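# Coordinate inspection notes
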Amino acid sequence: MKFRLLSLYPDQMNIYADRGNIIFLRNRCLWRGIEFELTACGLGERFEPSGHEMLYIGGGQDRDQRTVAGDLVETKREAIGECLAGGTVMLAVCGGYQLLGESYESGSDQIGGLGLVDLKTVRGDGPRLIGPVAIETDLDGSRRMLAGFENHGGLTWLGPQAEPLGRVIAGHGNNGSDGFEGVRSGNLIGTYLHGPLLPKNAWLADHLIETGLKNAYGEDVELRPLEDGLETAAHRVALAAAISGR
Ligand code: GLN
């Protein structure tokens, strides 16, 4: 089996070591004897919607979001829509997450998004939402915790069509007031959790890999468990940091 990951704008949309998520996915595939292929799609480039188990877009400053937003809609929106309709997995982090929605408004400036999910983001007047965060989610059918780090000035509001990724246990989440974090829609996940997110939450990395492979190779695909001592420790420490507010 082969897990083919397409990384969108790796040069612009990569802060707080979001690239670490890709390294982690790669290792967890290779450790199981699953081939891993990474391709990148940057500014001005188009991609074929077939042949990807997963799409990934990381976080970015407002400046970087402004650089990629128009290009994202113009050269990649259609292919991303086709991928999602075909069950490809997608993970969008922070600035990338914000661009899944209709728009990101910052004062008089409005950055148009992909409009693939019913959400919008507005730059708040208050302080940025920064710090460790823990959320509870039932993404893979059982009650799970995700731990990470958030740093955003944009506040995201989900519309009636959108389902949150989880409920905030500690930290701020989408907007610091409604108790929701992230979004999920089919095999698409958007979240404010950086960190990098996946090394601190190995179960989520495996969920993404397994979902992507099942979509390509059938429901029988099952990932072999790995020796996760370090990963479990990383998860515990990140969770404890969020819960104790450090
Ligand atoms: N520029 C966005 C904000 O501050 C996203 C930042 C990020 O990706 N960390 O809201």
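The sections below set out a description of the structure shown in this document.

Each value, and the rule that gives it
- All residue numbers here refer to positions counted from 1 along the written sequence of the relevant chain.
- Given that the model is predicted, a residue must reach a pLDDT of at least 70 before its local features are reported, and side-chain atom pairs must reach 80 or more before they are shown or counted; all residues, however, enter totals for whole chains, interfaces and linings.
- To get the side-chain values, all heavy atoms of the structure are used, and hydrogens and water are removed first.
- Whenever a carboxyl oxygen of Asp or Glu lies within 4 Å of a side-chain nitrogen of Lys or Arg, that contact is scored as a salt bridge.
- Segments assigned H or I by DSSP are reported as helices when at least four residues long, segments assigned E as strands when at least two residues long, and all are numbered from the N terminus.
- Relative accessibility thresholds used throughout: buried, under 20% of the residue-type maximum; exposed, over 50%; partly exposed, between the two (1.4 Å probe, protein chains only).
- Buriedness for pockets is judged along seven lines, at least five of which must meet protein on both sides within 12 Å for an open set on the 1 Å grid over protein atoms alone, while cavities are sets there where a 1.4 Å probe fits but cannot get out, and lining residues have an atom within 4 Å of a point.
- Grid points are joined across faces, edges and corners, and a volume is the space filled by probe spheres set on the points.
- Charged means Asp, Glu, Lys or Arg here, nonpolar means Ala, Val, Leu, Ile, Met, Phe, Trp, Tyr, Cys or Pro, and polar covers whatever is left, Gly included.
- Here a residue is near a molecule or strand as soon as one of its heavy atoms is found within 4 Å of it.
- Pairing of N or O atoms within 3.5 Å defines a polar contact, subject to two protein rules: one partner must be a possible hydrogen donor and the other a possible acceptor, and residues neighboring in sequence count only if both atoms are side-chain atoms.
- In this description, accessible areas are obtained by the Shrake-Rupley approach with a 1.4 Å probe, and a residue is regarded as covered only by the protein chains that are shown.

Enumeration according to the criterion identifies 15 salt bridges in this entry. A salt bridge links arginine 32 to aspartate 206; its shortest N-O distance comes to 2.9 Å. In this pair, arginine 32 is assigned in the loop between α1 (19-30) and β2 (35-41) and aspartate 206 in helix α5 (residues 202-217), connecting sequence segments 174 residues apart. Taken individually, arginine 32 and aspartate 206 each receive the classification buried, so the pair is uniform in this respect. Glutamate 136 serves as the salt-bridge partner of arginine 167, at 3.0 Å between the closest nitrogen and oxygen. A residue pair is termed long-range when its members are at least 10 positions apart, and arginine 167 in strand β11 (residues 166-170) and glutamate 136 in strand β8 (residues 129-137) qualify at 31 residues. Residue classification places glutamate 136 among the buried positions, given a relative accessible area of 15%. Put simply, Arg28, Arg32, Asp206, Asp228 and Glu231 are held in one network by salt bridges that share partners.

To continue, consider the layout of surface pockets. A volume near 200 Å³ is recorded for the largest pocket. Lining of the largest pocket is provided by Arg32, Asp140, Arg144, Trp203, Asp206, His207, Glu210, Thr211, Lys214 and Leu223. Considering every element that reaches the lining of the largest pocket, the biggest residue donor is α5, with six residues. By residue class, the composition of the lining of the largest pocket is two nonpolar, two polar and six charged. A volume near 170 Å³ is recorded for the second largest pocket. At the level of secondary structure, the elements contributing two or more residues to the lining of the second largest pocket comprise α5 and α6 (229-244). No other element matches α6, which puts four residues into the lining of the second largest pocket. Looking at side-chain class alone, the lining of the second largest pocket contains four nonpolar, two polar and six charged residues.

Right, let's get into empty space enclosed by the protein. The full count for this structure, using the stated rule, is one cavity of 30 Å³ or more. Volume-wise, the largest cavity comes out at about 40 Å³. Lining the largest cavity, in full, are Ser7, Leu8, Tyr9, Pro10, Met13, Asn14, Arg19, Ile22, Tyr56 and Gly58. Breaking the lining of the largest cavity down by element, the ones donating at least two residues are β1 (2-8) and α1. Taken together, the residues that form the lining of the largest cavity break down as six nonpolar, three polar and one charged.

Our next topic: the site of the ligand. The environment of the ligand is made up of 18 residues, and the closest members are Asp62, Gln65, Cys94, Arg128 and Gly154. Between an oxygen atom of the ligand and a main-chain N or O atom of glycine 95, the distance comes to 2.9 Å. Within the complex, 99% of the 300 Å² of free accessible area of the ligand lies under protein. Looking at the shell around the ligand, the elements that each hand over two or more residues are α2 (62-85), α3 (95-98) and β9 (144-152). A class-by-class count of the residues in the shell around the ligand yields four nonpolar, eleven polar and three charged.

Geometric values such as these leave the question of function open.
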